[in-house]
Amino acid sequence: MKKMLSKNTFITLICLGVSFGLIQLLISQNIINAYYQVTLALICINIIMAVGLNLVTGFTGQFSLGHAGFMSIGAYTCAIVTTSMPTTTGFLLGTFAGAIMAAIFGILIGIPTLRLRGDYLAIATLGMAEIIRIIFLNMKITGGAAGLNGIPKFTNWPWLWFFTAGTILLVNNFIHSSHGRACISIREDEIAAESMGINTTKYKVMAFAIGAFFAGIGGALYASTFFILKPNMFGFLKSIDILVIVVLGGMGSITGSVIAAILLAVLTTYLQAFTALRMIIYAALLVVVMIFRPQGLMASKELDFTKFFRIKTKDGEKVE
Amino acid sequence: MPLLSVEKLTKSFGGLTAVSNVNMEIQEGELVGLIGPNGAGKTTLFNLLTGVYEPTKGTVTLDIKGHSREIQGRKPYNITKEGVARTFQNIRLFKDLTVLDNVRIAMHQNIRYQMFEAFFHTFGYHKEEKRLIEEAESLLEIFNLTHKKMELAKNLPYGEQRHLEIARALATKPSLLLLDEPAAGMNPNETAELTDTIAWLREKFNLSILLIEHDMSLVMKVCERIYVLDYGMMIANGTPEEIRSNKRVIEAYLGEDVNNA
């Protein structure tokens, strides 16, 4: 059993557990009221989306501007399933169906577009996300431009926590495996990676599909939280929102994405008071952070919980 | 059958024929040198052998343990899987990763756990990761890099980066190792040390080695046979002594004799 959990995972689990208990307590004491609970849901969804995108952009080095497209696939799939089956089972089924649908589309879109690099790839993924949006805009089952209404709400803090914590743990595990290292090597030097026996196309598509899978989960939770879905919610700006979180937190840092998602959500909530000036302050802050910390808040490092708790790790254990 | 046989290999870039009608053979366990003036097409030949470029014409046949297959035009990762590993002329390490990770990545093609186990860190994952670390460390030990395993590759001194590249290539478990100017930028002491290491590696790992090198002291000392390229054509091949006195080779390096011209 001792071998099954490295100290780092163990402490991450403790942190996630404590965060669950603390927020559950605050909700039950009504310190986090219904209004803040929406922000909380948004934070969780953004964390899931950003961690997934970080795997594609931060770790594998493939610049994608189409993450909102996969989110919409998850959202619509979940909405359709839960509407016809309004139970918790239906919600879970819808969420996983959404994630799997998004992953399938991730593979389908990834195979042709991932031949491209850098800015060409960004434009291609942007185009693909637009195609998905236009298709939803014209399909009957998705309600066209009017979208879907009255999607049963099943998201609550325990479910949000479950999916967020699951995403963080799974992506973190993946990164610290040989498959994850294969993805990172593509970011570092594609030609060298290929010469070391790594099928770069396969791992790029794999990273893309995994990113899309988690975007699908994020979308499903979004649908369940906000009752309504419209194709316009998943436009270009939504993709940019997620990308901003990844870049601000640091490309290749999971804790960075988590911190940035929380910071940006808190910031937007507090800036509500400034009405018109709100977006200017928000943008100005982003510019300031990028000038003084171009590599992102966490760069490519992770918050090391073991150091935080002053637990001595043996040499070599850190690499696990 | 020789381990590697190259027949009439040609690569043209538009009007320029960088490698033309090259024939070459490497026997099992042989240490062969490839020399030639700058721009002769040595690295292009390497890139053809490792799949970075697709040849315009010709075949490359690999024969490992009696199993022969043509590898020209295959993808690099595929050729690496068949047992050909390489280093690069201008070091291509994964700079922002640790020394250990550089070696572990090269071991990826032989790992024994699946995607599912990677996500859930199963028992099989931990067992396999432990094996990876042990094997990587034993490779690093050869080059005296074990104590630097957690350092980033970019922070290593130049000579050690070259060593790490060889260690990384060995991690793919090759039968044929291609070294592209392993001694470039090294001082005479380091070159002498590298010469010994290369000879030792061949014994220890049962390797065949093809190396491009400009440092003649290294080539003449370790290589059993030498191929000479000039303007994309193989102009000579033979033992170091034969090459040393070969008129065409001297002409290629120093220019034609004035009296003959």
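Everything in this summary refers to the structure shown in the same document. (Residues numbered from 1 in each chain as written. Chains lettered and ligands numbered in written order. Predicted model: local features only at pLDDT ≥ 70, side-chain atom pairs only at ≥ 80, totals over all residues. Heavy atoms only, no water.)

## Focus: the nonpolar core
It is characteristic of soluble globular proteins that their nonpolar side chains tend to be buried jointly. For clarity, the threshold we go by: For the purposes of this section, nonpolar cores are sets of buried Ala, Val, Leu, Ile, Met, Phe, Trp, Tyr and Cys residues that join through side-chain atoms within 4.5 Å. The classification of residues rests on relative accessible area computed with a 1.4 Å probe and restricted to protein chains. Under 20% of the type maximum is buried, over 50% is exposed, and intermediate values are partly exposed. It only takes one pair of heavy atoms within 4.5 Å for two residues to be counted as in contact.
Ranked by size, the top nonpolar core spans 142 residues in total, and within it Phe174 and Leu229 of chain A together with Leu164 and Leu177 of chain B carry the most contacts. Not counting chain neighbours up to four residues away, the residues in contact with Phe174 of chain A comprise Leu55, His179, Gly180, Cys183, Met206 and Ile210 of chain A together with Met115, Ala118 and Phe119 of chain B. Grouped together as the second largest cluster of nonpolar side chains are 28 residues, Val32, Leu45, Leu49 and Ile79 of chain B included.

## Some remarks on the packing of aromatic side chains
Here is the rule we go by: Within 6.5 Å between ring centres, the rings of Phe, Tyr and Trp (the latter by its six-membered ring) count as paired, and their orientation is classed by plane angle as stacked under 30 degrees, edge-to-face over 60, tilted in between. Either the NZ atom of lysine or the CZ atom of arginine qualifies as a charge over a ring when it sits within 6 Å of the ring centre and within 35 degrees of the ring normal.
The full count for this structure, using the stated rule, is 20 aromatic pairs over all chains. When the centroid spacing of 5.4 Å and the interplanar angle of 65° are considered together, the rings of Tyr35 of chain A and Tyr36 of chain A count as edge-to-face. Residue class for Tyr36 of chain A comes out partly exposed when judged on its relative accessible area of 36%. Here Phe162 of chain A and Phe163 of chain A contribute two aromatic rings whose centre-to-centre distance is 5.2 Å and whose plane-to-plane angle is 75°, an arrangement assigned as edge-to-face. According to the relative accessible area criterion, Phe162 of chain A is partly exposed, its value standing at 41%. Geometry around Phe88 of chain B places Arg92 of chain B over its ring, the cationic atom sitting 5.7 Å from the centre. Cation over ring: Arg168 of chain B sits above Phe94 of chain B, and NZ or CZ is 4.8 Å from the ring centre.

## What about the pairing of strand S2 (residues 16-26) of chain B?
Residue and element names in this part refer to chain B. Rule in force here: When DSSP finds two or more bridges between a pair of strands, those strands are recorded as paired. Every helix listed is a DSSP run of H or I at least four residues long, and every strand listed is a run of E at least two residues long, numbered separately from the N terminus.
Here strand S1 (residues 4-13) runs beside S2; their pairing, made up of seven bridges, is antiparallel. From the neighbouring strand, Ser12 faces S2, where its bridge partner is Thr17. Taken together, S1 and the strand that follows it, S2, pair antiparallel across an intervening segment of two residues, in which Gly14 is found at a positive phi of about 60°.

## Structural notes on helix H10 (residues 247-254) of chain B
So the rule is basically this: Here a polar contact is taken to be a pair of N or O atoms separated by no more than 3.5 Å, where protein atoms must pair a possible hydrogen donor with a possible acceptor and residues adjacent in sequence count only if both atoms sit in side chains.
Measuring from the backbone nitrogen of Arg248 of chain B back to the side-chain oxygen at the start of H10 of chain B gives 2.8 Å, which picks out Asn246 of chain B as the cap. Following H10 of chain B by one or two positions, Gly255 of chain B has its phi on the positive side, about 95°.

## Thoughts on the interface of chain B and chain A
Short version of the rule: A 1.4 Å probe defines the accessible area here, and the buried area is the portion of it lost by two parts on being joined, summed over both. What makes a salt bridge here is a side-chain nitrogen of Lys or Arg within 4 Å of a carboxyl oxygen of Asp or Glu, nothing more. Residue polarity follows a fixed list, in which Ala, Val, Leu, Ile, Met, Phe, Trp, Tyr, Cys and Pro are nonpolar, Asp, Glu, Lys and Arg are charged, and the others, Gly among them, are polar.
With 37 residues of chain B at the interface, the matching set in chain A holds 31 residues. With both sides pooled, the region where chain B packs onto chain A buries about 3200 Å², and carbon together with sulfur makes up 65% of that total. At the surface where chain B touches chain A, the tally comes to two salt bridges. Measuring nitrogen to oxygen at the nearest pair gives 2.8 Å for the salt bridge that ties Arg92 of chain B to Asp189 of chain A. In this structure, the connection of chain B to chain A is made through 13 residue pairs in polar contact (both at pLDDT 80 or more). Looking at the side of chain B that touches chain A, the elements with two or more residues in it are helix H2 (76-82), helix H3 (99-106), helix H4 (115-120), helix H5 (123-142) and helix H6 (158-170) of chain B. The greatest single-element share of the side of chain B that touches chain A, amounting to six residues, is contributed by H5 of chain B. Partitioning the side of chain B that touches chain A into residue classes produces 20 nonpolar, seven polar and ten charged.

Honestly, that's just the spatial picture; any functional story needs more than this.
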